[in-house]
Amino acid sequence: MKFNLNLASRRYVNKRTLQYGFVALTAILLILGAWEVSTLVSSNNALQLNQQHLSEVKRQLQELRGGPRETLSVEERAALEKSYSIAVDLLKRDAFRWTALLDRMEGLLPVGVSLTNFKPDYKKKSLSLGGQARSLKEMRVFLDRLLKSNDFAQVYLKAHSRIKVRDYADEERDAISFSLELEGVF
């Protein structure tokens, strides 16, 4: 072995290996950089897709809730409340079953009493009735049945009078005409 060291002629760094190392390191860094860029682009695309999906879901949720909320002026609110109260009143009137009331009345009417008119008052929740009875006794029986039925809050006899009526044989007979007011009907 020869241990001659001539510092002027020889280099101790292997340039070829060093250059290969730099090329390999540069290639590795370029590959990692490209991988990071592709990850960044795909993440950005996924983020945009998620944001679009989120905005679509928010739009659908707003549609299900009835659209975006808007503030109403005082006049618009008053008009809306008025139309709402009219609709509620109409629905209450429609919800009442006249056939059920007429069925109950038919069950309460004794023989010899007939009803001639019905006049509802939805605001007072009352019903005015007009009718005729053959005698005072039959009218009393009808009033007693109305009072005992518990279908109405109050029963008032507003008026009664004697009248002359013609029967099916065209004979004139005495009868009693009466008018009642029933409260708590509706």
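Residues numbered from 1 in each chain as written. Predicted model: local features only at pLDDT ≥ 70, side-chain atom pairs only at ≥ 80, totals over all residues. Heavy atoms only, no water.

Caption draft 1: Examining helix 3 (residues 98–108) more closely. Among the residues of helix 3, those classed as buried are Leu101, Met105 and Leu108. Buried residues of helix 3, viewed axially, fall in a sector of 60°; they line one side. Opposite the buried face of helix 3, by more than 90 degrees, sit the exposed residues Thr99, Asp103, Glu106 and Gly107. Buried residues along helix 3 sit against strand 1 (113–121), strand 2 (126–133), helix 4 (136–148) and strand 4 (172–183). (Buried < 20%, exposed > 50% of the residue type's maximum accessible area, 1.4 Å probe, protein only. Helix = DSSP H or I, 4+ residues; strand = E, 2+ residues; numbered from the N terminus. Arc of directions from axis to C-beta. Contact = heavy atoms within 4.5 Å.)

Caption draft 2: Local environment of the pattern of salt bridges. Overall, the coordinates contain 8 salt bridges when judged by the stated rule. Close ionic contact of glutamate 81 with arginine 77 constitutes a salt bridge, the shortest N to O distance being 3.3 Å. Taken together, the residues glutamate 81 and arginine 77, both in helix 2 (residues 74–95) and 4 residues apart, mark about one turn of the helix. Between aspartate 170 and arginine 166 there is a salt bridge whose closest N-O contact spans 3.7 Å. (Salt bridge = Lys/Arg side-chain N within 4 Å of Asp/Glu carboxyl O.)

Caption draft 3: Spotlight on the pairing of strand 2. Across the 8 residues that make up strand 2, a large majority, 7, are buried. Where strand 1 hands over to strand 2, the hairpin turn is made up of 4 residues, of which lysine 125 adopts a positive phi near 55°. (Pairing = 2+ DSSP bridges.)

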